[in-house]
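# Understanding the architecture of this molecule
Listed here are the chains, written in short residue letters.
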Amino acid sequence: MNQTGPKAELGDFLRSRRARIRPEDAGLRSFGGRRRVPGLRREELAQLAGVSADYYTRFEQGRAENVSDTVVGAVAVALRLDAAETAHLTRLVRSARRGGGPDPEGGSGPQEPQEVRPGLRRLLESMPETPAFVVGRRTDILAWNPLFATLVKDFGTLPPERRNKAWLVFLDDEVRGRFVNWERKARDLVGYLRFDLGRHPHDPRFAALIGELAERSPEFTRLWEEQEVREIAHGGYHMRHPLVGEFTLAYESLNLPDDPDQTLITYTAEAGSPSEAALRILAENALCTPSATPAPSTPPAAGSPGQPPARSDSRA
């Protein structure tokens, strides 16, 4: 997978979004004949955005120094970007304007270790029948309750650097097998990783994660090159577990108001459904099966001696 700078990343993203729109879908007349490129041509996109073809061409080449926010908005509308894609495009443009330099508004350099508040850990402990966890930057799993460990994997048996959702979904066979439609789960994760990377483009641990996934997983490389961007706040997955077979869970993501880099995610099942019965069995099993103690490199929660129900690790 090629390493690119901010201008190339901007161009790659714009070309990928342009390629998915057919002229007829955008209300443009098609004159037939073979087209050299999939989707819209540059001049067609420029027409939709209300700018000259030369102006848009320079923009797609990453020459964004003189591109106004109004033009960025017009291009986003012409490309039919959703909210997450528009936010990602805006960040790419700002990075290209700076030449890839640090963002004065923050979120661009080395990150401080992430701490999970004691109150948030207590919240996880208070939901024994609801799988729940806290995810941080790069999809690091920062804290979890016993039922989520039973549902997916006992994270306490893993070294801190392996408690990462993307790494586990692509490179851990046990976690991979938990998702009946693994391809959909993988696409969601890759889209979110790209969205989060746009918020932290100079995080060295982020770059290391992407590099390892690209080196070890051809499937990750294929999906990463599609340039998809996603910020999924809710949805559902068809799950599989050796104790109960297949079942369906819905999830909700709640961003913490005082820390945009931490999100509480919970899973629930429809009341009265077979999936709810399966989740209840897993909850009973979680109460009877203690989770492993976190790896020695992970400090215990302050004021919580022994083995707390909600696991957490403080790391970037």
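Residues numbered from 1 in each chain as written. Predicted model: local features only at pLDDT ≥ 70, side-chain atom pairs only at ≥ 80, totals over all residues. Heavy atoms only, no water.

## Some points on unusual backbone geometry
We note that Arg80 has phi near 60°; this positive angle belongs to a residue other than glycine. Among the structural elements, Arg80 can be located in the loop between α4 (69-78) and α5 (83-98). At Arg138, a position not held by glycine, the phi torsion is positive, near 65°. By secondary structure assignment, the location of Arg138 is in the loop between β1 (132-135) and β2 (141-144). When its relative accessible area of 2% is taken as the criterion, Arg138 is described as buried. (Helix = DSSP H or I, 4+ residues; strand = E, 2+ residues; numbered from the N terminus. Buried < 20%, exposed > 50% of the residue type's maximum accessible area, 1.4 Å probe, protein only.)

## Comments concerning the pattern of salt bridges
Once their charged atoms are close, side chains differing in charge can pair, the charge on each being opposite to the other. Applying the stated criterion across every chain, the model contains 29 salt bridges. For Arg97, the salt bridge goes to Asp69, with nearest N and O atoms at 3.3 Å. Residue Arg97 is located in helix α5, and its partner Asp69 is located in helix α4; the two are separated by 28 residues in the primary sequence. We classify Arg97 as partly exposed; its relative accessible area is 30%. One salt bridge in this structure joins Asp196 and Arg199, with 2.7 Å as the shortest N-O distance. You can see Asp196 and its partner Arg199 sitting in helix α10 (residues 182-199), three residues apart, about one turn around the helix. Each of Arg17, Arg20, Glu85 and Glu228 takes part in salt bridges that share partners, so that together they form one network. (Salt bridge = Lys/Arg side-chain N within 4 Å of Asp/Glu carboxyl O.)

## Considerations on the layout of surface pockets
Rolled over the atoms, a probe with the dimensions of a water molecule shows which regions are left empty. When its volume is computed, the second largest pocket comes out at roughly 400 Å³. Considering the residues around the second largest pocket, the lining is formed by 21 residues, among which Tyr192, Glu231, Ile232, Ser253 and Ile265 are closest to the centre. If you list the elements that add at least two residues to the lining of the second largest pocket, you get α10, β4 (245-256) and β5 (259-268). No other element matches α10, which puts six residues into the lining of the second largest pocket. The class makeup of the residues in the lining of the second largest pocket is eleven nonpolar, four polar and six charged. (1 Å grid on protein atoms, 1.4 Å probe; cavity = no way out; pocket = protein on both sides within 12 Å on 5 of 7 lines; lining within 4 Å. Points joined across faces, edges and corners; volume = space filled by probe spheres on them. Nonpolar A, V, L, I, M, F, W, Y, C, P; charged D, E, K, R; others polar.)

## Regarding the packing of helix α2 (residues 42-49) against helix α3 (residues 53-60)
Where α2 contacts α3, the two axes come as close as 8 Å, and the packing angle between them is 110°. The orientation of α2 relative to α3 falls into the category roughly perpendicular. Along its contact with α2, which presents Arg42, Glu43, Leu45 and Ala46, the element α3 presents Ala53, Tyr56, Thr57 and Glu60. Grouping the constituent residues of the contact of α2 with α3 by class yields four nonpolar, one polar and three charged. (Axes fitted to C-alpha atoms, helices over the stretch in contact; angles between N-to-C directions. Parallel < 35°, antiparallel > 145°, perpendicular 65-115°, else oblique. Contact = heavy atoms within 4.5 Å.)

## Remarks on helix α6 (residues 118-125)
Within an α-helix, residues lying three or four positions from one another point in the same direction, as the helix has 3.6 residues per turn. For α6, the complete set of buried residues consists of Leu120, Arg121 and Leu124. Taken around the axis of α6, the buried residues stretch over an arc of 100°, which confines them to a single face. (Arc of directions from axis to C-beta.)

## Quick look at α3
Within α3 the residues assigned to the buried category are Tyr56, Phe59 and Glu60. All buried residues of α3 project into a common sector of 95° when viewed along the axis, lining one side. Backbone geometry just after α3 places Gly62 at a positive phi near 90°.

## Topic: the packing of aromatic side chains
A complete count under the given rule lists twelve aromatic pairs for this structure. Here Tyr56 and Phe59 contribute two aromatic rings whose centre-to-centre distance is 6.2 Å and whose plane-to-plane angle is 85°, an arrangement assigned as edge-to-face. Of this pair, Tyr56 and Phe59 both sit in helix α3, separated by three residues, roughly a single helical turn. Phe59 matches Tyr56 in its accessibility class, with the two residues each being buried. Here the aromatic rings of Tyr192 and Phe195 are separated by 6.4 Å at their centres, their planes lie at 35°, and the arrangement is tilted. Taken together, the residues span about one helical turn, with Tyr192 and Phe195 both in helix α10 at a distance of three residues. Residue classification places Phe195 among the buried residues on the basis of a relative accessible area of 5%. Grouped by ring-pair contacts, the aromatic residues Phe133, Trp144, Phe148, Phe155, Phe179, Tyr237, Tyr251 and Tyr267 constitute a single cluster. In this structure, Arg91 is placed above the aromatic ring of Phe195, and the distance from its NZ or CZ to the ring centre is 4.8 Å. (Phe/Tyr/Trp six-rings, centres within 6.5 Å; stacked < 30°, edge-to-face > 60°. Lys NZ or Arg CZ within 6 Å of the ring centre and 35° of its normal.)

Coordinates in, geometry out; function isn't part of it.
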